Amino acid sequence: EPQLPFRVQAAVRHHIPSPRNPKTLPGMSPMYTSVCSRTRQRQINQKRHAGQLLVVWALVGKAVVRGVAWVAGRVLYWRFSKTHPNAEDRRKFVLAFMWKGRVVLLVMLGLATAFVVTHLEEVPISGRKRLLWVNQEGVKELGVLSAGQFKEALKDQILPHSDPRHKRIAALVERLVKSMRSMPELADREKALDLSWDVNVVETKDFNAFVLPNGSIFVFTGFMQVSDSYDQSDDTLAAMLGHEMSHALLQHSAEQASRQPFVDSVNLVLLTTLWFCLPFGFESLLSFTNNTAEGVVSSLMELPNSRTCEHEADLVGMRIAASACHDPRKGTGFWKHVVRLGFDGGGASFLSTHPPSDERAENLEKDSPQTLELYRSSKMCQHLREIRGQQQGGTQVAVGWGDFLSRLLSAVGR
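Numbers given for residues are sequential positions, taken from 1 along each chain in its written order. It should be noted that, the model being predicted, local features are given only for residues of pLDDT at least 70 and side-chain atom pairs only at 80 or more, the latter also being counted only at that level, while totals for whole chains, interfaces and linings use all residues. To obtain the side-chain values, all non-hydrogen atoms of the structure were used and water was disregarded.

Moving on to the overall build of the protein. Think of it this way: any DSSP run of H or I at least four residues long counts as a helix, any run of E at least two long counts as a strand, and we number them from the N terminus. On a plain count of helices and strands, the protein comes out with 15 helices and five strands. Residues counted as buried form 38% of the 414 residues belonging to the protein. The contacts of the protein with a sequence gap of at least 6 include a subset with a gap of at least 24, amounting to 71%. Note that accessible areas follow from Shrake-Rupley with a 1.4 Å probe, and for residues the cover is restricted to the protein chains shown. Counting every atom, the protein has about 24,100 Å² of accessible surface; 61% of that belongs to carbon and sulfur. Type-normalised accessible area, obtained with a 1.4 Å probe on protein chains alone, sets the label of each residue: buried when under 20%, exposed when over 50%, and partly exposed for intermediate values. A contact between two residues is defined here by any heavy atoms of the two lying within 4.5 Å.

Written out as structure tokens, the structure is:
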């Protein structure tokens, strides 16, 4: 087949057939249609390969960084220990080498800075600037794989769709998704990501719930019990589900994957430097050295971002729940309830992936004017409030008649 002109190629790229849009450009020959199909298939394969690479790196990335750092550090130590047997001489040599290569280091730093600046994105609602360059399709592929593994491991504990607890969570998720699609800041994002929102309720006493990057939702019955111990209504549970769903909606997993190469690079440089400086005989401390170095890098680069994402998911999730006509004050009070139950576990907060529960409650209280306004003004809330008002009115009449009969019987008894 002849090579298509550049303008035709550009037109084909902007009109690639898909299951939702199988039509081709008017007057296109079968050759053009064939090119469109091959281009579409090539894009699908690229996304699938990106997901496979993310899966592979998630499994072996840490081991690869450790191995390369140990080999490089030991080779450098062996080589320079002959020419510079004195440790002080080696230190001076390294400093002199870095000074000579300062131009290269500055150029690399400039390129890295330019890359970060050109791949910044503003998170909706919170307005936070973040680095995001990893393809979402690759992260979703990783989520699909993880969902399959969880379902296989928990297949004997996942409740059937006919179970009332599953129906309760599914109804809440449906309402929260409808709320997302009614919010201008989130509607386009939710549509573009095309998340599955597949509900799985697991019979276990563990206090946990999470949503994978592809939208698969896992809620443990122990989590529901703790929520109901504070509030029997769905308000608290909706706030917690909104939090977990916000992680997927805001692409926090893709953000973490975008930061991972920089974290791995710092780990590689730090570990290589350590093994270059340590004399032979310290191999018995291999695991301790690796864990210590990686712990320092994680506490400085990864954990602060993780806690920021948790606060962000709290904020966005609470607004989604408020827009779905769930009282945001219940969600704020739940975190104080968690503190009373002692689920925080103590320990230094800067070494934790999640912020303390009292801090989360405090941040949500700061945003309470916005969430309460959203709760009171939402059209979805007006509809449900009418239904709740009718139910409460009927309950008040029933209680009134019950009180009248009890008084009447007590009077007859006298």
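With that out of the way, let us pick up the pattern of salt bridges. Whenever a carboxyl oxygen of Asp or Glu lies within 4 Å of a side-chain nitrogen of Lys or Arg, that contact is scored as a salt bridge. Evaluation of the coordinates by the stated rule reveals 21 salt bridges. A salt bridge links E121 to R130; the shortest N-O distance between them is 2.7 Å. Judged by relative accessible area, which is 22%, E121 ranks as partly exposed. Between R128 and E255 there is a salt bridge, and its shortest N-O distance comes to 2.8 Å. Within this pair, whereas R128 is found in the loop between β1 (120–122) and β2 (129–131), its partner E255 is found in helix α10 (residues 252–277), the two being separated by 127 residues in sequence. Per residue, the accessibility class of R128 equals that of E255, and both read buried. Within this structure, E121, R128, R130, R189, E255 and E312 form a network of salt bridges that share partners.

What follows covers the packing of α10 against helix α11 (residues 286–323). Geometry is summarised by axes, namely lines fitted to C-alpha atoms with helices restricted to the contacting stretch, and by angles between N-to-C directions that run from 0 to 180 degrees. Between α10 and α11, the least distance of the axes is 10 Å, while the angle of their chain directions is 155°. Between α10 and α11, the angle is such that the two are roughly antiparallel. Considering how the two elements wind past one another, α10 and α11 form a crossing that is right-handed. Touching H252, E255, R259, Q260, F262, V263, V266, N267, L270, L271, L274 and W275 of α10 are L286, T289, N290, A293, E294, V297, M301, E302, N305, C309, E312 and A313, all from α11. In terms of residue class, the contact of α10 with α11 is made up of 13 nonpolar, six polar and five charged. If an angle is under 35 degrees, it is roughly parallel; if it is over 145, roughly antiparallel; if it lies from 65 to 115, roughly perpendicular; otherwise it is oblique. Crossing handedness follows the turn of the near helix against the far one: under a right angle anticlockwise gives a left-handed crossing, and clockwise gives a right-handed one. The residue classification treats Ala, Val, Leu, Ile, Met, Phe, Trp, Tyr, Cys and Pro as nonpolar and Asp, Glu, Lys and Arg as charged. All others, Gly included, are polar.

What follows is about the side chain of N200. If you trace the backbone, N200 turns up in strand β3 (residues 199–202). Residue classification places N200 among the buried residues on the basis of a relative accessible area of 7%. Whenever two N or O atoms come within 3.5 Å, that pair is a polar contact, provided that in protein one can donate a hydrogen and the other can accept it, and provided that, for residues adjacent in sequence, both atoms are side-chain atoms. Here the side chain of N200 touches D198 through a polar contact of 3.3 Å, side chain to side chain. Here N200 is in contact with K151, I158, I217, F218 and V219, once residues within four sequence places are set aside.

Below, the discussion takes up the environment of S253. Mapped onto the elements, S253 comes out in helix α10. Look at S253 and you get partly exposed, because its relative accessible area is 32%. The spacing of S253 and Q136 is 117 residues in sequence and 9.0 Å in space, taken between C-alpha atoms.

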